[in-house]
Amino acid sequence: MTDQLNDNVTAEGAVYFIFGATGDLARRKLFPALYSLYREGKLGDKFAIVGLARRPRTDEQFREDVLESIKEFCRYKIGDGQDWQGFAERFTYHSLDIGNVDGFRELKASTEALEARYSIPGNRLFYLALAPELFGTVSRNLRDGGMLESAGWHRLVIEKPFGYDYPSASKLNEEIRHVFREEEVFRIDHYLGKEMVQNIEVIRFANAFFEPLWNKQHIANVQITLAETVGVEERGAYYNKSGALRDMVQNHMLQMLTMIAMEPPSHLDPEAIRDEKVKVLRSLRGFKSGDEVRERVIRGQYTSGELRGQPLNGYREEDSVPPDSTTETFFAARLFVDNFRWSGVPFYVRTGKRLPVKSTEIVVEFKNVPGNLLFASRQQLQPNLLVIRVNPMEGIYIKINAKKPGNEMTVQPVAMEFCQSCQIGINTPEAYERLIFDAARGDSTYFTRWDELAAAWQLVDPIAAAWQEHAADLAYYSAGAWGPQQAHKLLHQDGFHWWPVNGQDEDNVIWVSNTSK
Ligand code: BG6
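This text gives an overview of the structure that appears in the document. (Residues numbered from 1 in each chain as written. Predicted model: local features only at pLDDT ≥ 70, side-chain atom pairs only at ≥ 80, totals over all residues. Heavy atoms only, no water.)

### With respect to the environment of V357
Mapping V357 onto the fold places it in the loop between β12 (346-352) and β13 (359-366). Measuring from C-alpha to C-alpha, the distance between V357 and R296 comes to 24 Å, with 61 residues separating the pair along the chain. (Helix = DSSP H or I, 4+ residues; strand = E, 2+ residues; numbered from the N terminus.)

### Here we look at the site of the ligand
Surrounding the ligand, one finds K160, H190, Y191, K194, E228, R235, D247, M248, H252, K353, K358 and N391. H190 places a side-chain nitrogen or oxygen 2.8 Å from an oxygen atom of the ligand. Between the ligand and the protein, one listed contact pairs an oxygen atom with a side-chain N or O atom of N391 at 3.0 Å. Relative to its unbound accessible area of 400 Å², the ligand is 80% covered by the protein chains. With 3 residues, the top contributor of residues to the shell around the ligand is helix α8 (residues 236-261). Classifying every residue of the shell around the ligand gives 2 nonpolar, 3 polar and 7 charged. (Near = heavy atom within 4 Å. Polar contact = N/O pair within 3.5 Å; in protein donor to acceptor, adjacent residues only side chain to side chain. Areas by Shrake-Rupley, 256 points an atom, 1.4 Å probe, with all protein chains shown as cover. Nonpolar A, V, L, I, M, F, W, Y, C, P; charged D, E, K, R; others polar.)

### Examining the pattern of salt bridges
Enumeration over the complete set of coordinates arrives at 42 salt bridges. Among the salt bridges present, the one from R75 reaches E40, with a minimum N-O distance of 2.8 Å. Remark: E40 occurs in the loop between α1 (24-39) and β2 (47-53) and R75 occurs in the loop between α2 (59-73) and α3 (81-88); sequence separation between them is 35 residues. Salt-bridge contacts for D275 lead to R449; the nearest nitrogen and oxygen are separated by 2.8 Å. (Salt bridge = Lys/Arg side-chain N within 4 Å of Asp/Glu carboxyl O.)

### Considering the side chain of K353
Among the secondary structure elements, K353 is positioned in the loop between β12 and β13. In this structure K353 comes out as buried when scored by relative accessible area, which is 4%. In terms of polar contacts, K353 uses its side chain to reach the side chain of E228, at 2.8 Å. The residues contacting K353, other than those within four sequence positions of it, are E228, V230, G231, R235, Y239, D247, Y302, T329 and Y477. (Buried < 20%, exposed > 50% of the residue type's maximum accessible area, 1.4 Å probe, protein only. Contact = heavy atoms within 4.5 Å.)

### What about unusual backbone geometry?
Residues K160 and P161 are joined by a peptide bond in cis, for which omega reads 0°. Within the fold, P161 resides in the loop between β5 (154-158) and α6 (166-177). A cis amide bond, omega -5°, links N391 with the succeeding residue P392. In this structure, P392 sits in the loop between β14 (385-391) and β15 (395-403). Positive phi, close to 50°, is recorded for E233, a residue that is not glycine. By the secondary structure assignment, E233 is in the loop between β7 (219-227) and α8. Positive phi outside glycine occurs at R308, with the angle close to 45°. Tracing the chain through its elements places R308 in the loop between β9 (305-307) and β10 (310-312).

### A short note on a nonpolar patch on the surface
Where nonpolar side chains cluster on the molecular surface, the patch consists of I400, M416, I510 and V512 and spans about 300 Å² of accessible area. Note on placement: V512 falls in strand β18 (residues 510-513). For V512, a relative accessible area of 42% corresponds to the partly exposed category. (Patch = residues over 30% accessible without salt bridge, like charges linked within 9 Å, V, L, I, M, F, W, Y side chains within 5 Å.)

### Considering the sheet that holds β12
Either a parallel or an antiparallel arrangement is found when strands of a sheet pair, and the pairing is made through backbone hydrogen bonds. Here we have 10 strands laid out as an open sheet, ordered β17-β8-β11-β12-β7-β13-β14-β15-β16-β18, and mixed in their pairing. Bordering the open sheet on either side are β17 (475-478) and β18, each of which pairs with just one other strand. Pairs of neighbouring strands in the sheet enclose a mean axial angle of 20°, with direction left out of account. Summarising the sheet, strand β8 (residues 297-303) and strand β11 (residues 330-336) pair through 4 bridges and their orientation is antiparallel. Bridge pairing in β11 links I298 to A332. In the packing of helix α7 (residues 195-205) onto the sheet, contacts are made with β13, β14 and β15, and the angle to β14 comes to roughly 150°. (Pairing = 2+ DSSP bridges. Axes fitted to C-alpha atoms, helices over the stretch in contact; angles between N-to-C directions.)

### With respect to helix α9 (residues 270-283)
Counted at 1.5 Å a residue, the expected span for α9 with its 14 residues is 20 Å, and the 20 Å between its end C-alpha atoms agrees. Most of α9 is tucked away: 10 of the 14 residues are buried. For α9, the set of buried residues is P270, A272, I273, R274, E276, K277, V278, V280, L281 and S283. Turning to α9, the residues buried within the fold contact α7, α8, β11 and α13 (450-469). Where α9 begins, the side chain of D269 points an oxygen toward the backbone nitrogen of E271, at a separation of 3.0 Å. (Expected span 1.5 Å × (residues − 1).)

Here is the structure:
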């Protein structure tokens, strides 16, 4: 965590093993991230990358795949020939049947040769871009094939979904923990790698004017929106089992909520920070009955509709989705963190596919000032807002009330914005760059610890169970709309409304920004 503030840190020498090297994640995210780290000198000069998958491929073919992926997805353009050659020669490919331990023994021999060649001190990072059912087998074979016998550290980086519910997550965890210690396991939630999610701590704890107000006395509600325009694309089979609850809420949404709600950690170290996060998850008010779920949670599914003039299919018409599916593509809920700081403050969360915009934003709505003769008698004052823009725009703005210039005592809402991603010359690292780099340095701050994961499943499981009993609760929305009507009612009942994301849509607000608008 502290090193993160220092741009000049380099990872220790290591071999990076990418399991699932011919897959989509490797192509879209992992190779480009490794190249960016290389370009920034963060990998140092003692490193090698081994791609592993079942399909036969020569080193040369593999390097071609990597080149194509970087050209398409990396924020850096390929440099001159020498620069690319220097990177490409560190890539080798190893065809492996992950169910067969003999392949791991061969891998051990070729790894030792690589380590000798590049003076790598036996540090090994295993990135499993694989289906979770395989995590246990790979872990066991890494151990039985001798891959964990080198002198340096061994780290396992894994991707979600971590199970389907608490019992399956727990089983998966046990399989991994037979081989790796908790501090060797790095569970990725890519939202934790995002610049503005990491910035929440700084905004909260490095500014005098937020922290004193950051509690039930001054905050009316918090709104977390993670909206996507995409449908389920070619992932219908996966998504239909998972739905928005398991795909987005159990992980990304709850992680953002914990960053907003956590207490200041006693130290800036990974365990102290994660201790605070887990306390938030454990303070979340659970769901004791189906009625409670119905009262506080809305689930929706998109039907056919239109987005920016384009006609769109309904969810049930998507590839690999059964025509009678009741999987939710939209989720909204009113959550409560039942502790001293937050007692009674609603945290509204919503996420969905085929919504009108791609945008992740966190809105902190402050309580209104007490009505007074001068202003309140004449007009409805808008509440102050702090808005953290996570994705794709990155930045923050605050909305305050100010006097409209002129003779009248009219109050005008003014939004003061710092748009980080609009600044020329800022090319912020991708989430995967930060996360791979952190794992290589052994910094687990922005990875999910098992107890966090367990607490998140324990919140989510009763919701899924209630839905199973009452399939009839599914609400519908047209593709391109802001979810079902019920999601709006959820806030109206409490006297609030969802603030528009991409706040510029609001009329009568004056914008003052670091960029020209
Ligand atoms: C993934 C989900 O974890 O996050 C996807 O599986 C979703 O369904 C994606 O589209 C959203 O991530 P981002 O970074 O594009 O907001």
